[in-house]
Amino acid sequence: FFFHMFARRVTQSFVRAYGTLPTSNIKVTTSQLKESRAKEVSQTPDSLQLDTYEQVEAKINDPKESFMAVADSYKRYLQRLQMEESGPANSNHFSVYDGLARQPFTIDQYFNFIKGSEYDPDNWTIDQLEEFYFVPHPEPFSMGLYLQNLVAYRTLRRLGYRGPQQRELAKNYYISAGENTLEWLNPSPAPYHTYEELCIIKEPPSFVHGEHPRAESEIKLE
């Protein structure tokens, strides 16, 4: 189970980073993903036009520059420093493991291991691609929140809403994966006005009267 979740997570992150938005006639391949990764790691601070220290200082001393312009320039300067300190990246390494002393496996090793399986991008269908792209990705990431988003996505998908349509729905509606009680559906503190329509609460069997795992007589004795 844990390997399946791990393989799904690694492949998903790689496709999100180096794939292109799916259409009805697109086919994502492993070679395309590797080429995109190689193109990314070949970029330098100069090719990205990241600000230098002199450019940041000039904007600080320029009274016409706004505070946000100076802040953005400083962020780009920090990104330049980080890239210069870390040095050139290896196109065959996962960037998520850059902080480790040794990579647990390379990109080639990973794709060779999953080749021919359901996790191989060469075998993905358009429905799988849409799921990878359009399931909301919580930040910071947690498996619990991601699984809730996955349930909500698949529920709407069964109702006929494809990925791009779900993105439009999310702008006006909150799509819930389903909860047992209302407190998990409201922000904290709860707003003064909550629902235009009454919510439908589906209780699990353990909460239904007469189906409690303990006998009703035992509860009365207490």
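Residues numbered from 1 in each chain as written. Predicted model: local features only at pLDDT ≥ 70, side-chain atom pairs only at ≥ 80, totals over all residues. Heavy atoms only, no water.

### Describing the overall build of the chain
This is how it is decided: Put simply, DSSP marks the helices as runs of H or I at least four residues long and the strands as runs of E at least two long, and each gets a number from the N terminus on. Each residue's exposure class comes from its accessible area (1.4 Å probe, protein chains only) as a fraction of the maximum for that residue type: buried when under 20%, exposed when over 50%, partly exposed otherwise. Only heavy atoms matter for contacts: two residues are in contact if any of them lie within 4.5 Å across the pair.
A tally of regular secondary structure across the chain gives nine helices and zero strands. Counting from the amino terminus, helix and strand elements in the chain follow one another as α-α-α-α-α-α-α-α-α. Burial statistics for the chain: of 222 residues in total, 23% are counted as buried. Contacts in the chain between residues far apart in sequence, at least 24 positions, make up 57% of those at least 6 positions apart.

### Points about the environment of Glu-84
The residue Glu-84 is located in helix α4 (residues 67-86) in this model. With a relative accessible area of 48%, Glu-84 lands in the partly exposed category.

### Considering the pattern of salt bridges
Convention followed: By salt bridge we mean one thing: a side-chain nitrogen of Lys or Arg within 4 Å of a carboxyl oxygen of Asp or Glu.
In this structure the tally under the stated criterion is eight salt bridges. Here Lys-34 makes a salt bridge to Asp-108, at a shortest N to O gap of 2.8 Å. Placement of the pair is Lys-34 in helix α2 (residues 30-41) and Asp-108 in helix α5 (residues 107-114), with a sequence separation of 74 residues. The exposure class of Lys-34 is partly exposed, given its relative accessible area of 28%. Accessibility expressed as a relative area gives 32% for Asp-108, which makes it partly exposed.

### Here's the deal with the nonpolar core
Inside soluble globular proteins, nonpolar side chains tend to come together where they are buried. Going by this rule: Among the buried residues, those of types Ala, Val, Leu, Ile, Met, Phe, Trp, Tyr and Cys that are joined through side-chain atoms within 4.5 Å form a nonpolar core.
Phe-94, Phe-105, Tyr-110, Phe-111, Ile-114, Leu-129 and Val-135 are the most contacted members of the largest nonpolar core, which totals 19 residues. Secondary structure elements with two or more residues in this core: α5, α6 (126-134) and α7 (143-158).

### Here's the deal with the packing of aromatic side chains
Where two aromatic rings form a pair, the distance of their centres and the angle of their planes describe that pair. Counted only if it meets this: Stacked, edge-to-face and tilted are the three classes for Phe, Tyr and Trp ring pairs, Trp counted by its six-membered ring, which pair at centre distances within 6.5 Å; planes under 30 degrees apart are stacked, over 60 edge-to-face, the rest tilted.
Evaluation of the coordinates by the stated rule reveals four aromatic pairs. The interplanar angle of 40° and the centroid separation of 6.3 Å between the aromatic rings of Tyr-74 and Tyr-77 together place this pair among those described as tilted. Of this pair, Tyr-74 and Tyr-77 both sit in helix α4, separated by three residues, roughly a single helical turn.

### With respect to unusual backbone geometry
With a phi close to 55°, Gln-49 is a non-glycine residue in the positive phi region. Relative to the helices and strands, Gln-49 resides in the loop between α2 and α3 (53-61).

### What about the side chain of Gln-166?
By secondary structure assignment, the location of Gln-166 is in helix α8 (residues 163-172). You can call Gln-166 buried: its relative accessible area is 9%. The contacts of Gln-166, once residues within four sequence positions are left out, are Tyr-153, Leu-156, Arg-157 and Tyr-161.

### A look at the packing of α2 against α5
Rules: For helices, the fitted line uses only the C-alpha atoms of the stretch in contact; every axis is such a line through C-alpha atoms, and the angle between N-to-C directions lies from 0 to 180 degrees. Oblique is the label for any angle not under 35 degrees, not over 145, and not in the 65 to 115 range, which are roughly parallel, roughly antiparallel and roughly perpendicular in turn. Take the far helix as your reference; a near helix turned counterclockwise from it by less than a right angle gives a left-handed crossing, and one turned clockwise gives a right-handed crossing. Classes in brief: Ala, Val, Leu, Ile, Met, Phe, Trp, Tyr, Cys and Pro nonpolar; Asp, Glu, Lys and Arg charged; the others, Gly included, polar.
Running from N to C, α2 and α5 cross one another at 165°; their axes reach a closest spacing of 12 Å. As summarised for this structure, α2 and α5 are arranged roughly antiparallel, according to the angle between their axes. Here α2 and α5 pass one another in a crossing that is right-handed. Facing α2, whose interface residues are Thr-30, Leu-33, Lys-34 and Arg-37, α5 presents Ile-107, Asp-108 and Phe-111. Considering only residue class, the contact of α2 with α5 consists of three nonpolar, one polar and three charged.

### Quick word on the confidence of the model for the chain
Under the convention used in this document: What pLDDT reports is the predictor's confidence in each residue, on a scale of 0 through 100.
Averaged over all residues, the pLDDT of the chain equals 75, while 74% of them reach at least 70. This model gives residues 16-24 a pLDDT under 50, and the stretch forms 22 contacts once residues within four places in sequence are excluded. Here residues 207-222 is a poorly scored stretch, pLDDT under 50, and it has seven contacts once near neighbours within four places are set aside; other chains count.

### Quick notes on the packing of α6 against α8
For any two helices packed against each other, one specifies the inter-axial angle together with the distance between the axes. Contact geometry of α6 with α8 gives a least axis separation of 9 Å together with a crossing angle of 25°. When the axes of α6 and α8 are compared, the pair comes out roughly parallel. Here Glu-130, Tyr-133 and Phe-134 of α6 lie close against α8, whose contacting residues are Gly-163, Pro-164 and Arg-167. For the contact of α6 with α8, the per-class residue count stands at three nonpolar, one polar and two charged.

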